[in-house]
Amino acid sequence: MEKMYKYTVAGHTFGVSLPDGYSQEEYLAPYLPFVAAADAQPLFTVRLAHSQTLKELDPGKVVECLNDEAPYFWLFEKAEGGYNFGFSYTKKHPDCIVIPSSDLSQATVYVPTSHAERLAEFALSNAMMLLYTFNTTPLDTLMVHASVVAHDGGAYMFLGRSGTGKSTHSSLWLKHISNTYLLNDDNPVIRVEDGKVNIYGTPWSGKTPCYRNEVLALKASVRLSQAPHNVIRKLSALQSYASLMPACSCMRWDRRSTDALHRTVEKVISLVSGWHLECLPDADAANVCHAAIKQ
């Protein structure tokens, strides 16, 4: 018999159904700080199921396999229209298949029976992030690929391509800037609420186990690039838009989602300053950044 668990992240509640033999303590441990109130109504639900082989599900024609690194994201076009999805550790084949309802308010994520225990947490987390992004983007909410530190009661977000040193720069703040701690190291959530921009910790923090159920005012957004020096400059509105937009998760083939994404990004950059830091991985980089954006 399946059991439903509910969680609230950045004010949005969702449900996860696990089959017999699966406990939230073992397969959903990062979500435990986000357990929802008993009467909270889920915005969407995800269900875990087994399949003898994923091929028998016939998810549709492969459109693309996206992302530069794992998890790789598979997009399948169904013959009758619409899409199914998949995630994998390599580009050889999907390791799980996500079959959603037409409005993406529900989805079943299938893992092969032979590898179910190994793949369950991977499959569930990626399916939940997918549905979370789709269902919350129209609600002035952005899931962002970034590392975020908390400092003096506010939050500072570091953006950049994979490998540019977001986590490294956060760690430099933790080491060299007093009264600083890590809020999230991979996928924080931004919400525009009552004319203010808040940023939330989430259960999705990449390779760093940082699952803080906290919210702070976002004070600045900083795009990083590697350089032989430490130089920071403030961005114009257009530059801030170009800096933040690529970091936001969105189903960009869906017009409703992309329109909502653009509107929310515009609100964020009108309220939060954007910066570009050319930097080395050293203490001076953290000090230069801190001194500029705290002014």
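So, a few notes on the structure that sits alongside this text. Source: prediction; values computed, not measured.

**Side note on the sheet that holds strand β8 (residues 106-112)**
For step 1, the next point in the chain: The 8 strands are arranged β1-β2-β3-β8-β7-β6-β5-β4 in an open sheet whose pairing can be described as mixed. Each edge of the open sheet is held by one strand with a lone partner, namely β1 (3-9) and β4 (61-66). Taken pair by pair, the neighbouring strands of this sheet meet at an average axis angle of 25°, ignoring direction.
For step 2, the next point in the chain: Across 7 bridges, the pairing between strand β3 (residues 44-51) and β8 is parallel. Along β8, the bridge assignment pairs Ala-49 with Tyr-110.
For step 3, the next point in the chain: The strands touched by helix α2 (residues 116-136) within the sheet are β1, β2 (12-18), β3, β5 (72-77), β6 (83-88), β7 (96-100) and β8, with β3 carrying the most contacts at an inclination of about 150°.

**Side note on the packing of aromatic side chains**
For step 1, the next point in the chain: Evaluated as defined, the whole model comprises 16 aromatic pairs.
For step 2, the next point in the chain: An angle of 85° between the planes, with centres 6.4 Å apart, marks the rings of Phe-14 and Tyr-31 as edge-to-face. You can see Phe-14 sitting in strand β2 and its partner Tyr-31 sitting in the loop between α1 (24-27) and β3, a full 17 residues away along the chain.
For step 3, the next point in the chain: On the basis of relative accessible area, Phe-14 is assigned to the buried category, the value being 0%.
For step 4, the next point in the chain: On the accessibility criterion, Tyr-31 (0% relative accessible area) is buried.
For step 5, the next point in the chain: Between the aromatic rings of Phe-73 and Phe-85, the centroid separation amounts to 5.8 Å while the plane-to-plane angle is 15°, which identifies the pairing as stacked.

**Section: the pattern of salt bridges**
For step 1, the next point in the chain: Using the criterion set out here, one finds 6 salt bridges in the structure.
For step 2, the next point in the chain: For Asp-259, the salt bridge goes to Arg-255, with nearest N and O atoms at 3.1 Å. Taken together, the residues span about one helical turn, with Asp-259 and Arg-255 both in helix α5 (residues 255-271) at a distance of 4 residues.
For step 3, the next point in the chain: A relative accessible area of 62% means that Arg-255 is categorised as exposed.

**Here's the deal with the side chain of Ser-170**
For step 1, the next point in the chain: The topology assignment puts Ser-170 in helix α3 (residues 166-176).
For step 2, the next point in the chain: Given a relative accessible area of 1%, Ser-170 falls into the buried group.
For step 3, the next point in the chain: With residues up to four places along the chain from it excluded, the contact list for Ser-170 reads Ser-147, Val-148, Val-149, Phe-158 and Leu-182.

**What about empty space enclosed by the protein?**
For step 1, the next point in the chain: Throughout the structure, instances matching the rule amount to 1 cavity of 30 Å³ or more.
For step 2, the next point in the chain: Its volume calculated, the largest cavity comes out at about 70 Å³.
For step 3, the next point in the chain: In this structure, the largest cavity is lined by Ser-221, Leu-235, Ser-240, Ser-243, Leu-244, Val-268, Ile-269, Val-272, Ser-273, Gly-274 and Trp-275.
For step 4, the next point in the chain: A class-by-class count of the residues in the lining of the largest cavity yields 6 nonpolar, 5 polar and no charged.

**As for the packing of helix α4 (residues 237-244) against α5**
For step 1, the next point in the chain: Relative orientation of the contacting elements α4 and α5 amounts to 130°, with a least axis distance of 10 Å. The angle between the axes of α4 and α5 places the two elements in the oblique class. Seen from above, α4 lies across α5 with right-handed handedness. Across the interface between the two elements, Ala-237, Ser-240, Tyr-241 and Leu-244 of α4 pack against His-262, Val-265, Glu-266, Val-268 and Ile-269 of α5.
For step 2, the next point in the chain: Residues that form the contact of α4 with α5 fall into these classes: 6 nonpolar, 2 polar and 1 charged.

**Thoughts on the nonpolar core**
Generally speaking, a soluble globular protein has its nonpolar side chains buried in company with each other.
For step 1, the next point in the chain: Counting 43 residues, the largest nonpolar core has Phe-14, Leu-28, Val-109, Leu-124, Met-128, Tyr-132 and Trp-204 as the members making the most contacts within it.
For step 2, the next point in the chain: At the level of secondary structure, the elements contributing two or more residues to this core comprise β1, β2, β3, β5, β6, β7, β8 and α2.
For step 3, the next point in the chain: Top contributing element to this core by residue count: α2, with 13 residues.
For step 4, the next point in the chain: The residues touching Tyr-132, leaving out its near neighbours within four places in the chain, are Val-9, Ala-10, His-12, Phe-14, Phe-44, Thr-141, Met-143, Val-189 and Trp-204.
For step 5, the next point in the chain: By size, the runner-up hydrophobic cluster in this structure holds 25 residues, among which are Val-148, Leu-159, Leu-216 and Leu-261.

Rules and cut-offs
- Residues numbered from 1 in each chain as written.
- Predicted model: local features only at pLDDT ≥ 70, side-chain atom pairs only at ≥ 80, totals over all residues.
- Heavy atoms only, no water.
- Pairing = 2+ DSSP bridges.
- Helix = DSSP H or I, 4+ residues; strand = E, 2+ residues; numbered from the N terminus.
- Axes fitted to C-alpha atoms, helices over the stretch in contact; angles between N-to-C directions.
- Contact = heavy atoms within 4.5 Å.
- Phe/Tyr/Trp six-rings, centres within 6.5 Å; stacked < 30°, edge-to-face > 60°.
- Buried < 20%, exposed > 50% of the residue type's maximum accessible area, 1.4 Å probe, protein only.
- Salt bridge = Lys/Arg side-chain N within 4 Å of Asp/Glu carboxyl O.
- 1 Å grid on protein atoms, 1.4 Å probe; cavity = no way out; pocket = protein on both sides within 12 Å on 5 of 7 lines; lining within 4 Å.
- Points joined across faces, edges and corners; volume = space filled by probe spheres on them.
- Nonpolar A, V, L, I, M, F, W, Y, C, P; charged D, E, K, R; others polar.
- Parallel < 35°, antiparallel > 145°, perpendicular 65-115°, else oblique.
- Left-handed = near helix turned anticlockwise from the far one by under 90°.
- Core = buried A, V, L, I, M, F, W, Y, C linked by side-chain atoms within 4.5 Å.

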